[in-house]
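Structural description and commentary
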Amino acid sequence: MTPTTSDDPKTLVSTQWLAAHLKDPDLRIFDASWYLPDMGRDQKAEFAAAHIPGARFFDIDDVSDARSELPHMAPPVEKFMSRMRAMGVGDGHQVVVYDGMGIFSAARVWWLFRLMGQKNIAVLDGGLPKWVTDGHKITAAAPTIRDRHMTVKMEPQRVRDVTDVARAAKLGDHSIIDARAPGRFKGEQPEPREGMRSGHIPGSRNVFYQDLLNADGTMKPPAALRTVFNDAGVDLQKPAITTCGSGVTAAILSLALERIGKTDHALYDGSWSEWGMYADLPIATGAA
């Protein structure tokens with residue numbers, strides 16, 4: 001079988017790569033599955049029933065800022081370190097994160113690790129579905145976990161708040177890229193969260209996250225990714241800000257940008273959950 005991924009332990013690795021490294025002593029695997037309510041799936045129950053051998057469950061809603069009213073915002077450094085220590089993940093480890101959709105929520109954890117200054121983390125290309133399709137083993141057994149210290153040095157340039165994004169939208173000096181479905185971006189479909197306005201940040205461009213993926217849930221090669229961004233009217237010469245509904249699929253855009261060699265990108269953590277909530281922030285509708 002020919003690998004579809006150009007393996008890079010800092011961005012994306014194939015199922016073949018993971019299978020070859022599965023017994024490496026310093027490999028740590030996370031199942032970071034997370035689903036929207038209308039998907040009708042229970043990530044914790046699915047993990048308990050079947051996961052990649054050695055995987056630990058990464059709860060995106062738990063490893064977050066409990067002080068914020070917005071969903072799964074990035075946690076304080078101390079909380080991140082505490083949760084990682086409890087899961088036995090620390091300095092010197094190579095982390096691979098996957099989810100049950102292919103590439104959906106795993107990229108969010110990749111971005112979070114990068115925000116915390118961790119470089120040795122990759123998303124499993126195609127996730128658990130590709131792992132199973134390729135004939136690799138799954139298990140219900142829980143791994144043995146031992147505490148491990150992690151040194152964290154946050155990289156604040158990887159995240160933007162509402163003030164940053166409002167300034168960027170006004171000045172037009174960044175490419176703001178929205179990962180939501182076209183109907184939501186245009187304001188033609190209602191938002192899944194009650195009381196949320198419909199539309200998009202003025203000046204932003206729409207790159208639906210699924211357009212970055214192949215039919216089997218793997219990520220398209222870098223040349224094809226670049227074409228998707230260009231076709232959407234994204235100016236790749238400008239620094240980029242990625243956004244979506246609540247900061248999950250925006251991270252798929254961030255991962256894709258990293259794959260094409262663009263490093264000056266940041267994620268708007270509050271995303272539309274925040275922007276759509278404030279009546280005094282401008283919105284646009286229709287195509288960009």
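The following refers to the structure shown. All of these numbers come straight from a predicted model, not from anything done at the bench.

Secondary structure summary: the protein contains ten helices and ten strands in total. Scaling as 2.2 N^0.38, a compact globule of 288 residues should have a C-alpha radius of gyration of about 19 Å, and the protein matches this with 18 Å. Seen through its principal axes, the protein has C-alpha atoms that stretch 50 × 45 × 35 Å. Counting every position in the protein, which comprises 288 residues, the buried fraction comes to 51%.

At a minimum axis distance of 9 Å, the contact between helix 8 (residues 222-231) and helix 9 (residues 250-259) shows a crossing angle of 120°. Between helix 8 and helix 9, the interaxial angle falls into the category oblique. Handedness of the helix 8/helix 9 crossing: left-handed. Contacts between helix 8 and helix 9 involve Pro-222, Leu-225 and Phe-229 on the former and, on the latter, Leu-253, Ala-256, Leu-257 and Arg-259.

The sheet built from five strands is open, its strands ordered 1-5-4-2-3 with parallel pairing. Of all strands in the sheet, those bounded by a partner on one side alone are strand 1 (12-13) and strand 3 (55-57). Strand contacts of helix 4 (residues 106-115): strand 2 (27-31), strand 4 (94-98) and strand 5 (121-124), with the helix running at about 175° to strand 5, the strand carrying the most contacts.

Locating Asn-206 in the fold gives a position in strand 8 (residues 205-206). Reaching out from Asn-206, the side chain makes a polar contact with the backbone oxygen of Asp-178 at a distance of 3.0 Å. Within the local environment of Asn-206, its side chain forms a polar contact with the backbone oxygen of Arg-180, the two atoms lying 2.9 Å apart. Once residues lying within four places of it in the same chain are set aside, the contact partners of Asn-206 are Asp-178, Ala-179, Arg-180, Ala-181, Pro-182, Phe-185 and Ala-232.

Another point: the sheet that holds strand 9 (residues 240-243). Judged by pairing direction, the sheet is parallel, and its five strands sit side by side in the order 6-10-9-7-8 without closing on themselves. In this open sheet, the two edge strands, each paired with only one partner strand, are strand 6 (159-160) and strand 8. Sheet topology note: the strand 9/strand 10 (residues 265-268) ladder contains three bridges and is parallel. Across the sheet, Ile-241 pairs through a bridge with Ala-266, a residue of strand 10. This element, helix 9, spans strand 7 (175-178), strand 9 and strand 10 of the sheet and lies at about 145° to strand 9.

The next point concerns the packing of aromatic side chains. In total, this model carries seven aromatic pairs according to the counting rule given. An angle of 75° between the planes, with centres 5.1 Å apart, marks the rings of Phe-30 and Phe-58 as edge-to-face. Here Phe-58 lies in the loop between strand 3 and helix 3 (77-86) and Phe-30 lies in strand 2, a separation of 28 residues in the sequence. Look at Phe-80 and Phe-113: their rings are 5.2 Å apart centre to centre, the planes differ by 80°, and that puts the pair in the edge-to-face class. In this pair, Phe-80 is assigned in helix 3 and Phe-113 in helix 4, connecting sequence segments 33 residues apart. Comparing Phe-80 with Phe-113, the two get one shared label, buried. One aromatic cluster is present, built from ring pairs that chain together Phe-30, Phe-58, Phe-80 and Phe-113.

Turning to the pairing of strand 4, a few remarks are in order. When you tally the buried positions in strand 4, you get five out of five residues, the bulk of the element. Burial along strand 4 is two-sided: the residues Gln-94, Val-96 and Tyr-98 and Val-95 and Val-97 are all buried. In this sheet, strand 4 lies alongside strand 2 in parallel orientation, the contact comprising five bridges. Within the sheet, the bridge partner assigned to Asp-31 lies in strand 4 and is Tyr-98. Of the pairings in the sheet, the one linking strand 4 to strand 5 comprises three bridges and is parallel in character. Across the sheet, the residue bridging to Val-95 is Ile-121, located in strand 5.

Side-chain alternation along strand 9 places Ala-240 and Thr-242 on one buried face and Ile-241 and Thr-243 on a second face that is also buried. Of the pairings in the sheet, the one linking strand 7 to strand 9 comprises four bridges and is parallel in character. Paired with Ser-175 across the strands is Ala-240, a residue of strand 9.

Scoring rules and cut-offs
- Residues numbered from 1 in each chain as written.
- Predicted model: local features only at pLDDT ≥ 70, side-chain atom pairs only at ≥ 80, totals over all residues.
- Heavy atoms only, no water.
- Helix = DSSP H or I, 4+ residues; strand = E, 2+ residues; numbered from the N terminus.
- Rg over C-alpha atoms; globule rule 2.2 N^0.38 Å.
- Buried < 20%, exposed > 50% of the residue type's maximum accessible area, 1.4 Å probe, protein only.
- Axes fitted to C-alpha atoms, helices over the stretch in contact; angles between N-to-C directions.
- Parallel < 35°, antiparallel > 145°, perpendicular 65-115°, else oblique.
- Left-handed = near helix turned anticlockwise from the far one by under 90°.
- Contact = heavy atoms within 4.5 Å.
- Pairing = 2+ DSSP bridges.
- Polar contact = N/O pair within 3.5 Å; in protein donor to acceptor, adjacent residues only side chain to side chain.
- Phe/Tyr/Trp six-rings, centres within 6.5 Å; stacked < 30°, edge-to-face > 60°.

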